[in-house]
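What follows is the residue order along each chain.
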Amino acid sequence: MLNHVKQYFTCDAKRAKDAALSLLPVIGWLKIYRLKEWLLSDIVSGVSTGLVAVLQGLAYCLLASLPPWYGLFSAFFPVISYFFLGTSRHISVGPFPVLCLMIGSVVTRLVPDEGPPTNITGFEGLTRDEQRVLVASSVTFLTGIMQLAMGLLQVGFVVMYLSDTLVSGFTTAAAIHILVSQLKFVLGLQVPGLSGPFSIIYTLEIIFNKITSTNVCDVVISLVIMVVVFIVKELNDRFKSKLPVPIPIETVIACGISYALDFKTRYGIDVVGHIPKGYEPPMAPNLHVFQETAVEAFPMAIVGFAVAFSVAKVYSVKHDYTIDGNQELIAFGVSNIFGATFRSFAASTALSRTAVQESTGGKTQIAGLLSAVIVMIVTLAIGFLLEPLPKSVLGAVVIVNLKGMLMQFREIPYLWRRDKPDCVVWLGTCIAAILLGLDLGLAAGLGVELLSVVLRTQLSVSDLTHLNLYFSFKSDLNFCFLNTSCRAIKESEDEGTMEELDQPTDFKDLPARIDWNAELPGNIIVPRVDLHSLILDFAAVSFLDISALKGLKTLIRVEVEVYIVACDPYILEKLHDCCFFDAEVQPSMFFLTLHDAMLHIQEKHPQLAEKKFDYEKVKTTIFIH
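Since the model is a prediction, treat every value here as computed from it, not as a measurement.

Undergrad: It is not clear to me how the overall build of the protein chain should be interpreted in this structure. Could you clarify?
TA: Each helix and strand in the protein chain was counted, giving 25 helices and 8 strands. Long-range pairs, those at least 24 residues apart, make up 84% of the contacts in the protein chain between residues at least 6 apart in sequence. Working note: accessible area of the protein chain is about 29100 Å², and carbon and sulfur atoms make up 64% of it.

Undergrad: Explanation requested: the nonpolar core in the structure shown.
TA: Grouped burial of nonpolar side chains is what soluble globular proteins tend to show. Ranked by size, the top nonpolar core spans 144 residues in total, and within it V98, I564 and L575 carry the most contacts. Once residues lying within four places of it in the same chain are set aside, the contact partners of V98 are F170, A174, I178, V303, M405 and L438.

Undergrad: Please clarify how a nonpolar patch on the surface should be interpreted in this entry.
TA: A cluster of nonpolar residues, L194, F198, I201, Y202, L427, I431 and L435, forms a patch on the protein surface that exposes about 570 Å² of accessible area. For the nonpolar patch, the secondary-structure elements that each account for two or more residues are α10 (199–209) and α21 (420–436). No other element matches the 3 residues that α21 contributes to the nonpolar patch. Residue placement: L435 occurs in helix α21.

Undergrad: What exactly am I supposed to notice about unusual backbone geometry here?
TA: Peptide bonds are mostly trans, and most non-glycine residues show a negative phi. At S65, a residue that is not glycine, the phi angle is positive and equals roughly 60°. With respect to the helices, strands and loops of the structure, S65 is situated in the loop between α4 (35–63) and α5 (70–74). Overall, the relative accessible area of 18% leaves S65 in the buried class.

Undergrad: Would you mind going over the side chain of S181 with me for this structure?
TA: Position of S181 among the secondary structure elements: in helix α9 (residues 164–187). Within the structure, the side chain of S181 is placed 3.3 Å from the side chain of Q182, a separation counted as a polar contact. In this view, S181 contacts L63 and L101; residues no more than four positions away in its chain are not counted.

Undergrad: What exactly am I supposed to notice about the pairing of strand β7 (residues 561–565) here?
TA: Along any regular strand, the residues point their side chains to alternate faces of the sheet. Along β7, 4 of the 5 residues are buried, which leaves the element largely enclosed by surrounding structure. For strand β6 (residues 533–537) and β7, the ladder comprises 5 bridges, and the chain directions are parallel. Paired with L536 across the bridge in β7 is I564. One ladder, built from 2 bridges, connects β7 with strand β8 (residues 590–591); its direction is parallel. By the bridge assignment, V565 is partnered in β8 with F591.

Reading the values: the criteria
- In this convention, every chain numbers its residues from 1, walking through the sequence in written order.
- With pLDDT at 70 or above as the cut-off, local features in this predicted model cover only qualifying residues; side-chain atom pairs require 80 or more to be listed or tallied, and sums for whole chains, interfaces and linings still use all residues.
- Hydrogens and water are ignored here; the side-chain numbers use all heavy atoms of the structure.
- Where helices and strands are cited, they refer to DSSP runs of H or I of at least four residues and of E of at least two residues respectively, numbered from the N terminus.
- Residue contacts are defined here by distance: any two heavy atoms, one from each residue, within 4.5 Å place the two residues in contact.
- Only the protein chains shown count as cover for residues, with accessible areas throughout obtained via the Shrake-Rupley method and a probe of 1.4 Å.
- By convention a nonpolar core is built from buried Ala, Val, Leu, Ile, Met, Phe, Trp, Tyr and Cys residues, the set being connected through side-chain atoms within 4.5 Å.
- For each residue, the accessible area found with a 1.4 Å probe, counting protein chains only, is set against the maximum for its type, and the residue is called buried under 20%, exposed over 50%, and partly exposed in between.
- Patch building starts from residues that exceed 30% relative accessible area and form no salt bridge, then joins like charges within 9 Å and nonpolar side chains (Val, Leu, Ile, Met, Phe, Trp, Tyr) within 5 Å.
- Just to be clear on terms, a salt bridge is a Lys or Arg side-chain nitrogen sitting within 4 Å of an Asp or Glu carboxyl oxygen.
- Distance and chemistry together define a polar contact, namely a pair of N or O atoms within 3.5 Å, with one atom able to donate a hydrogen and the other to accept it when in protein, and with adjacent residues in sequence counting only for side-chain atoms on both sides.
- A pair of strands counts as paired when DSSP detects no fewer than two bridges linking them.

So yeah, pure geometry; function would need other evidence.
Given below as structure tokens:
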């Protein structure tokens with residue numbers, strides 16, 4: 001025991017280097033940075049992403065019920081921290097609409113639009129906006145502490161408790177909340193911010209009661225902006241292979257409208273208003289706010305990390321590098337703590353902004369750093385150009401960017417045909433989050449999900465464990481290690497758009513090949529193993545859900561022969577119902593027993609009988625997450 005403790009706390013050059021590379025991933029990819037090949041792409045991507053981040057920062061800040069210019073802080077400070085600590089090279093860190101809405105519900109609960117604020121120490125002598133900024137930064141600081149603690153405790157696995165189905169239903173409900181919250185800006189109405197259960201119904205009631213007071217100019221501007229932005233986004237998507245960079249239509253329209261026309265004086269509409277130059281001094285969080293918001297901060301920490309990690313995982317697979325969930329928690333935790341000190345609010349990633357950063361050629365987080373520089377230039381020098389910008393324009397931009405999340409309603413018939421329990425989880429999470437609010441809705445969705453798992457396990461044909469153990473693809477793999485050559489990985493020719501991430505997975509578009517002999521990333525050391533046959537033992541699998549089907553389909557599409565043994569008839573029926581089989585994946589891959597599969601492999605590869613293996617040196621059982 002003493003030797004073990006001594007070895008654990010011993011520090012040498014190698015351990016110090018490994019620790020530095022682990023805590024500062026920027027060192028790893030900077031060493032392999034291809035200056036001549038990547039720098040220009042990162043510059044173009046950084047400028048494009050920065051232009052989008054400026055307007056999204058202003059627009060999403062309205063969701064948090066804060067003065068718009070604080071959104072520029074959230075598009076700057078977290079990016080700086082993530083540059084050094086994050087493991088993803090492609091996500092664009094900054095405001096995320098769902099998180100902004102969750103922060104807004106806390107802000108309006110403690111500092112309502114009408115009536116006195118909650119009795120909190122530290123509110124004395126502050127204006128309403130200053131009180132709200134204090135609440136938002138304090139809850140962001142607490143969210144960062146929770147994320148940092150989870151990262152240090154190595155509990156990044158918590159994200160697997162949020163299945164794809166639950167996240168889809170939750171984000172769809174969030175999109176409905178965001179849509180309703182922006183109606184007051186689009187219609188030019190004065191509607192107080194509400195929070196808590198059934199707040200969406202009360203908000204709609206107030207809007208309908210005041211509908212006769214609608215500002216026609218706001219409505220016309222919003223409709224025109226939505227139509228133009230939607231058309232240009234579709235053109236960007238359709239001709240993305242021919243355009244060097246996507247047209248930043250939101251920024252172009254915003255600057256043109258705000259600088260050329262004086263809508264506030266002419267039509268009396270609400271505008272962004274004065275944008276102070278520079279940054280405000282650091283501010284300590286309010287401990288009393290910590291006590292009032294601890295319950296809301298935890299779901300913010302989970303949702304912010306889960307969304308960012310899911311998007312980062314997509315691009316890491318596409319560009320063939322690894323990401324570390326625990327390090328991502330540390331990166332976002334530090335980013336939120338650092339940002340909250342300078343009055344920014346909780347950061348994650350926005351799908352549309354990340355898509356811009358990647359599609360415009362971004363190779364590393366240098367693009368993210370340059371986008372922060374663009375935001376800084378606006379904050380320090382040219383923010384005055386956006387001061388006459390109507391808030392209805394920002395509301396219209398927010399609504400147009402909800403397209404991806406709102407289109408997730410198309411998953412309902414897909415899930416109902418393929419997996420009715422998953423459909424119930426989707427609907428239960430979505431309805432609960434719409435009616436009860438995002439925090440209680442997330443808890444209710446987890447409850448429905450747990451109930452679904454328990455019922456399916458209890459009612460399954462073989463009451464054992466299940467393949468998708470809380471939505472992480474786990475199974476014991478019995479390997480048959482054989483000599484073969486493997487082709488290199490092939491990327492899908494149709495990369496698709498970022499919004500397709502929100503749609504049901506089309507199995508034919510999954511990555512098709514894995515090269516087992518390819519060079520591994522520098523921080524991964526695995527013994528070389530030659531193989532051409534892989535046997536999956538399904539004896540302990542009692543049911544599959546949609547998430548497990550996706551994982552299984554991905555696993556099977558490797559350049560080795562995959563066989564499944566001891567599969568329950570219920571599982572086979574489910575695979576047929578979900579159109580799992582195709583020209584490449586056929587039922588002939590199933591065998592009754594492991595012995596039958598081994599005999600088939602030996603018959604198919606007779607040269608194996610002539611070779612002798614040292615099986616004691618081969619690890620034959622592993623877990624796949």
